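What the coordinates show
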Amino acid sequence: MPSTINMGIPGAASSVVSGGRSESLSKRVLLAEPRGYCAGVDRAVETVERALEKHGAPVYVRHEIVHNRHVVETLAKAGAIFVDETDEVPEGAIVVFSAHGVAPTVHQTAAERDLKVIDATCPLVTKVHNEAKRFARDDYDILLIGHEGHEEVIGTAGEAPDHVQLVDGPDAVDNVRIRDENKVIWLSQTTLSVDETMETVRRLREKFPTLQDPPSDDICYATQNRQVAVKAMAPECELVIVVGSRNSSNSVRLVEVALNAGSDAAHLVDYAEDIDPAWLDGVTTIGVTSGASVPEILVRGVLERLADYGYDTVQPVTTANETLVFALPREIRPPRS
Ligand code: SF4
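Per an unreviewed UniProt entry, the protein chain goes by 4-hydroxy-3-methylbut-2-enyl diphosphate reductase and derives from Mycolicibacterium wolinskyi. You can read under Sequence similarities (unreviewed entry) in the UniProt record for the protein chain the words "Belongs to the IspH family." According to its UniProt record, the protein chain has this under Function (unreviewed entry): "Catalyzes the conversion of 1-hydroxy-2-methyl-2-(E)-butenyl 4-diphosphate (HMBPP) into a mixture of isopentenyl diphosphate (IPP) and dimethylallyl diphosphate (DMAPP). Acts in the terminal step of the DOXP/MEP pathway for isoprenoid precursor biosynthesis."

Sheet architecture is open: 3 strands sit in the order S8-S7-S9, paired in parallel fashion. In this open sheet, the two edge strands, each paired with only one partner strand, are strand S8 (164-167) and strand S9 (184-188). The average undirected angle you get between the axes of adjacent strands in this sheet is 30°. Pairing of strand S7 (residues 141-145) with S8 involves 4 bridges; the strand directions are parallel. Following the sheet pairing, Leu144 is matched in S8 by Leu166. Running at roughly 165° to S9, helix H4 (residues 123-137) makes contact with S7 and S9 of the sheet. Across the sheet, helix H6 (residues 194-207) is in contact with S7, S8 and S9; its angle to S7 comes to roughly 150°.

Aromatic ring pairs: the centre-centre distance and the angle between the two ring planes describe each pair. For the structure on display, the rule yields 1 aromatic pair. Where Phe135 meets Tyr140, the ring centres are 5.2 Å apart and the plane angle is 75°; that geometry is what we call edge-to-face. Side by side, Phe135 and Tyr140 carry an identical accessibility label, which is buried. Over the face of the ring belonging to Tyr311 we find Lys27, whose NZ or CZ atom lies 5.0 Å from the ring centre.

Turning to the domain arrangement of the protein chain, a few remarks are in order. A common way to state how big an interface is: give the accessible area lost once the parts meet. Partitioning the protein chain into structural domains gives domain 1 (28-37 + 221-318), domain 2 (39-122) and domain 3 (124-207). One C-alpha centre belongs to domain 1, the other to domain 3, and the line joining them spans 30 Å. Tallying the contact residues gives 8 residues for domain 1 and 10 residues for domain 3. For the pairing of domain 1 and domain 3, the buried interface totals around 710 Å² over both sides, and the portion due to carbon and sulfur atoms is 50%. Among the residues of domain 1 in contact with domain 3, Thr223, Ser249 and Arg253 are the three that bury the most area, contributing 48% of the side total. Taken together, domain 1 and domain 3 are joined by 1 salt bridge. Those elements that provide at least two residues to the side of domain 1 that touches domain 3 are helix H7 (221-233) and helix H8 (249-260). Per-element accounting of the side of domain 1 that touches domain 3 gives the leading share, 5 residues, to H7. Here the residues of the side of domain 1 that touches domain 3 sort into 1 nonpolar, 5 polar and 2 charged.

Turning next to the pairing of strand S5 (residues 94-97). Of the two faces of S5, both are covered, the one formed by Ile94 and Val96 as well as the one formed by Val95 and Phe97. Where strand S3 (residues 59-62) lies against S5, 3 bridges are found, and the strand directions are parallel. Each residue of the ladder has a partner; that of Tyr60, found in S5, is Val95. Bridge count for S5 against strand S6 (residues 116-119) is 4 bridges, and the pairing is parallel. Residue pairing across strands places Ile94 opposite Lys116, the latter belonging to S6. Once you follow S5 into helix H3 (residues 104-112) and on to S6, the crossover reads as right-handed.

Mapped onto the elements, Ser248 comes out in the loop between strand S10 (239-243) and H8. With residues near it in sequence (within four places) discarded, Ser248 still touches His67 and Ser293.

In this structure's numbering, the residues bearing the UniProt feature "binding site: (2E)-4-hydroxy-3-methylbut-2-enyl diphosphate" (unreviewed entry) are His67, His100, His150, Thr190, Ser248, Ser249, Asn250 and Ser293. Note on placement: His100 falls in the loop between S5 and H3. With sequence-adjacent residues up to four places away left out, His100 is seen in contact with Glu64, Ile65, Val66, His67, Val125, His150, Glu151 and Glu152. Judged by its relative accessible area of 1%, Ser248 falls in the buried class.

As a packed pair, H7 and H8 sit with axes 9 Å apart at the nearest point and diverge in direction by 25°. When the axis of H7 is compared with that of H8, the two are roughly parallel. Between H7 and H8 the crossing geometry is right-handed. Seen from H7, the contacting residues are Thr223, Arg226, Gln227, Val230 and Lys231; seen from H8, they are Asn250, Arg253, Leu254, Val257 and Ala258.

Counting 24 residues, the largest nonpolar core has Val48, Ile65, Val66 and Val96 as its most contacted members. Mapped by element, the contributors of at least two residues to this core are helix H1 (39-55), S3, helix H2 (69-78) and S5. Those residues in contact with Ile65, other than ones at most four positions away along the chain, are Ala44, Val48, Val71, Leu75, Phe82, Val96, Phe97, Ser98, Ala99, His100 and Ala120. Grouped together as the second largest cluster of nonpolar side chains are 21 residues, Ile241, Ile286, Tyr311 and Val314 included.

Reading the values: the criteria
- Residues numbered from 1 in each chain as written.
- Predicted model: local features only at pLDDT ≥ 70, side-chain atom pairs only at ≥ 80, totals over all residues.
- Heavy atoms only, no water.
- UniProt positions renumbered as here; feature names shortened; annotations may be inferred.
- Pairing = 2+ DSSP bridges.
- Helix = DSSP H or I, 4+ residues; strand = E, 2+ residues; numbered from the N terminus.
- Axes fitted to C-alpha atoms, helices over the stretch in contact; angles between N-to-C directions.
- Contact = heavy atoms within 4.5 Å.
- Phe/Tyr/Trp six-rings, centres within 6.5 Å; stacked < 30°, edge-to-face > 60°.
- Buried < 20%, exposed > 50% of the residue type's maximum accessible area, 1.4 Å probe, protein only.
- Lys NZ or Arg CZ within 6 Å of the ring centre and 35° of its normal.
- Domains from an automatic or database assignment.
- Buried area = accessible area lost by both parts, 1.4 Å probe.
- Salt bridge = Lys/Arg side-chain N within 4 Å of Asp/Glu carboxyl O.
- Nonpolar A, V, L, I, M, F, W, Y, C, P; charged D, E, K, R; others polar.
- Right-handed = clockwise from strand over helix to strand, strands pointing away.
- Parallel < 35°, antiparallel > 145°, perpendicular 65-115°, else oblique.
- Left-handed = near helix turned anticlockwise from the far one by under 90°.
- Core = buried A, V, L, I, M, F, W, Y, C linked by side-chain atoms within 4.5 Å.

Take a look at the structure:
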């Protein structure tokens, strides 16, 4: 008999037993752990909430603070105004920069407009910015593996535009040209697929054997941990549901990882209502996870909907415990008592 724990989900029992596809006789959900909010997202969302509390509405936010529809809509209702560019913010107003980071030119524009900046860039993105600055100072060619047009990549490349070349996946390697084989390093976006990135690095190294690795992992702990958890559960699943938004890089990667790791199907949903009942036809085991920008309430909604369809056994699949917490940005940190 599986041991049973209370997950606090109406109508859903849960257990910590594991079993292969052939052993599962009843409908069940495997719930990935860790999933959902990472330390950088938690900090960014709290930053906007505290800015609204402290200064009142409106508080301007450059770009989506994190890539999640529900989070953005909730903060907008509370008085946050999301803008595409800093020059849309009235002179002298408060502006929060999103977790994805910004290029130095954005800071310059904000200073010219006398904006009061609260920078919610994730410290792990800032780490990659600092690496780009450091290797540019030493005149390296920096091969930045990432998705073209992603805000984080634009911000990181903006630190050293004359030294950074974007490498958008393994197929882009053919077009890479460098100046000096002894001064070339790769860096990456924080939210990529670990496996695909390693394939890109393998091809780069084939071409440039002296390619240097980053001083430490650029793909962040949260991205890696969520992918490991999905890899652990996907082989047992006929379907994996990833809660997350389409513009969330790490959420989209989880769908790809689930399919590559053996799930027959995988879908991204913003909300429980996005689940198409046809996906459940003939399915016994459903894996559920969520991207790093997804609040847990949305996962609970999915579990409740699945319970309505008879998937009322929830079994956690735990591959790591996360305890990392980042301090809030200085401008919004509560005074020490
Ligand atoms: S996904 Fe990683 S880099 Fe992005 S905000 Fe979260 S911890 Fe930071």
